[in-house]
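Observations on chain architecture
These are the residues of each chain, in order.
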Amino acid sequence: MFDKEVYKARRRTLLEKMSGGDGDNGIAVFLGNTEAPQNYRGNDYKFRQDSSFLYYWGIDEPGFAAILDFDSGDECIFGDDVDIDDIIWMGPQESVASKAARVGAPVSAPAALFDKAVLDARARGRKVHFLPPSRYYNTMRLSILMGVFPEAVRTVAPVGVPLEGGVLFHASQELVKAVISMRLVKEDCEIEEIDKACGIGYLMHTEARNSCRPGVPEQEIVGRMEGVTISKGWGVSFTTILSQHGETLHNHRHDGIITPGNLLVIDAGAESNTHYASDFTRTLPCGGKFTSKQRDIYDIVADCNELAFSLARPGVTYRDIHLQVAARMLDSLKALGLVTGSVEDMVAEGIAGLFMPHGLGHNMGLDVHDMEDLGEDLVGYDDDQKRSSQLGLGSLRMARRLVPGHVITDEPGIYFVPALISKWKAEGTDRGMVNYQRLEAEYLDFGGIRLEDDLLVTADGCRRLGPHRLPIASADVEAAMA
């Protein structure tokens, strides 16, 4: 939890963004998360607070909600004090009023009054703004309060959508855009926490590299990595990806045994105790040394990672950086005889998508894919940008024009996906620009390589987050594994 002035300032800024114009500006309702049972009540999943609730209200506990009135400026946190039954199991607990005071909220009320306050606002014909919920419990609760089907409250209504009785029956794009505009640009206190998360990420990846030896089960490496995140912070920031089948981009199976000659892709991150995320990827030679063919591809990916870092600065769109990385990648693959034609034509035709079917990076903050619960295009694209239909570029999660305070990932990769290669060959997608003969003869069993760092856009460029950088040059990786 930050100082209460941080949360007060955030709510004040949101109030200013949402209070323009004449007439009723309405209220914003914020639902915190509740406990979620694994199989029965009392055996719950590890609690994780809703990130937007955490951002504005700071309370990292289940069962809370809040309302901010955009006309009066009134704000209230709703929650219940514990009773003697709770105290027996949990010990004495801080009061709701005290928790509210610690985040600068002047008023608190019992949880049951939240529903009444929302229904009263509806009855008076006031606008009720809310964010699209990610958890099903909150989806159902908003569905009941608003009197609509659950899917409606998870749908973001465009600005200016006609209201029924003054009430927004869909998630409010106006509120979503205001929240995104604030959370995209990180404050100094947030950057400090992300640096901490990156420090934990460095330790977890170092543990993985040190554990990567022939004969070691993948599951054992994952266990060692995740143990680091729990001992140093909240835990992992997403489900760990560790696989010797790097051609499967998000392979979560860990049932293999480290085998010399394979490549081990490790995409993993940590959360700080305040829930800010890190996200690194490294690809290791399982026997400690790259083969010449592996080194050729690895060095291209490492070069693309460095290129993206050198280009990231205020005023440049991350979409353009993705395209420049694609051009560098294709030019290097052309030198290996895997593609042919002019680089400009190959970029225009989306040939890079065969080898990198994902985008260059995404936003990161309180979530590893920051705010994508609010709408991926709303978070990652400026109003004058449209998502591409091409494979690869169309999966770019962050295309915006960069500004100081953006936190983004830099994660180029090259993958040889047999099914995708076969599909493109059969359909002629490549326009004659891909050397399938060589791909099929030499690369169908290659796997994949991805290399990822976390970047903070600064006033004159960017910097890599975290106290240290994981080894990335092929020679440095081999030296570290030795």
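Residues numbered from 1 in each chain as written. Predicted model: local features only at pLDDT ≥ 70, side-chain atom pairs only at ≥ 80, totals over all residues. Heavy atoms only, no water.

For the chain, an unreviewed UniProt entry supplies the name Xaa-Pro aminopeptidase and the organism Candidatus Cryptobacteroides excrementavium. The Cofactor (unreviewed entry) comment attached to the chain in UniProt states, word for word, "Mn(2+)". Taken from UniProt, the Catalytic activity (unreviewed entry) comment for the chain reads in full: "Release of any N-terminal amino acid, including proline, that is linked to proline, even from a dipeptide or tripeptide." (UniProt positions renumbered as here; feature names shortened; annotations may be inferred.)

**Points about the pattern of salt bridges**
If you walk through the whole model with that rule in mind, you get 42 salt bridges. We note a salt bridge from aspartate 370 to lysine 186, for which the minimum N-O separation is 3.3 Å. One end of the pair, aspartate 370, is in the loop between α14 (352-355) and α15 (376-380); the other, lysine 186, is in the loop between α8 (173-183) and α9 (188-211), and 184 residues separate them in sequence. An identical accessibility class is assigned to aspartate 370 and lysine 186; each is buried. Here arginine 387 ties to glutamate 376 by a salt bridge, and the two come within 2.8 Å at their closest N and O atoms. Here arginine 387, found in the loop between α15 and β13 (407-410), pairs with glutamate 376, found in helix α15; they are 11 residues apart in sequence, far enough to count as distant. (Salt bridge = Lys/Arg side-chain N within 4 Å of Asp/Glu carboxyl O. Helix = DSSP H or I, 4+ residues; strand = E, 2+ residues; numbered from the N terminus. Buried < 20%, exposed > 50% of the residue type's maximum accessible area, 1.4 Å probe, protein only.)

**A few points about α8**
When you tally the buried positions in α8, you get 8 out of 11 residues, the bulk of the element. Among the residues of α8, Gln173, Leu175, Val176, Ala178, Val179, Ile180, Met182 and Arg183 are the ones counted as buried.

**Description of the sheet that holds strand β17 (residues 462-464)**
Spatial ordering of the open sheet is given by β13-β16-β17, a layout of 3 strands whose pairing is antiparallel. Two strands lie at the open edges of the sheet, namely β13 and β17, each paired on one side alone. The sheet shows a mean angle of 35° between the axes of neighbouring strands, taken without regard to direction. Bridge count between β13 and strand β16 (residues 453-457): 4 bridges; the pairing is antiparallel. Across the sheet, threonine 409 pairs through a bridge with aspartate 454, a residue of β16. (Pairing = 2+ DSSP bridges. Axes fitted to C-alpha atoms, helices over the stretch in contact; angles between N-to-C directions.)

**Structural notes on unusual backbone geometry**
Look at histidine 275: it is not a glycine, yet its phi comes out positive at around 80°. You can call histidine 275 buried: its relative accessible area is 1%. Backbone geometry at arginine 431 places phi at a positive 55°, although glycine is not the residue there. Inspection of the secondary structure assignment puts arginine 431 in the loop between α16 (418-427) and α17 (436-442). Take arginine 431: its relative accessible area is 55%, and that puts it in the exposed class.

**Digging into the side chain of aspartate 410**
Here aspartate 410 lies in strand β13. Buried within the structure, aspartate 410 lacks any salt-bridge partner; its nearest side chain of opposite charge belongs to arginine 464, at an N-O separation of 5.5 Å. (Lys, Arg positive; Asp, Glu negative; His and termini not counted.)

**Examining the packing of aromatic side chains**
With the rule as written, the count across this model stands at 11 aromatic pairs. Seen in terms of ring centroids, phenylalanine 355 and phenylalanine 416 are 6.0 Å apart; in terms of plane orientation they differ by 75°. Their pairing is edge-to-face. You can see phenylalanine 355 sitting in helix α14 and its partner phenylalanine 416 sitting in the loop between β14 (413-415) and α16, a full 61 residues away along the chain. Note on accessibility: phenylalanine 355 and phenylalanine 416 belong to one class, buried. Here the aromatic rings of tyrosine 443 and phenylalanine 446 are separated by 5.9 Å at their centres, their planes lie at 40°, and the arrangement is tilted. (Phe/Tyr/Trp six-rings, centres within 6.5 Å; stacked < 30°, edge-to-face > 60°.)

**Points about the nonpolar core**
Membership of the largest hydrophobic core comes to 74 residues, with the highest contact counts inside it found for Ile297, Ile321, Leu333, Ile414, Phe416 and Leu439. Considering each element in turn, this core owes the most residues, 9 residues, to helix α11 (residues 292-311). Counting 49 residues, the second largest nonpolar core, distinct from the first, contains Phe30, Ile194, Phe280 and Leu465. (Core = buried A, V, L, I, M, F, W, Y, C linked by side-chain atoms within 4.5 Å.)

**Some points on the sheet that holds strand β9 (residues 241-243)**
In space, the 3 strands of this open sheet follow the order β9-β10-β12, with antiparallel pairing throughout. Only two strands of the sheet have a single neighbouring strand rather than two, namely β9 and β12 (280-285). Across this sheet, the average inter-strand angle for adjacent strands is 10°, counted without regard to direction. Examined bridge by bridge, strand β10 (residues 263-268) and β12 share 6 bridges and lie antiparallel to one another. Within the sheet, the bridge partner assigned to valine 265 lies in β12 and is threonine 283.

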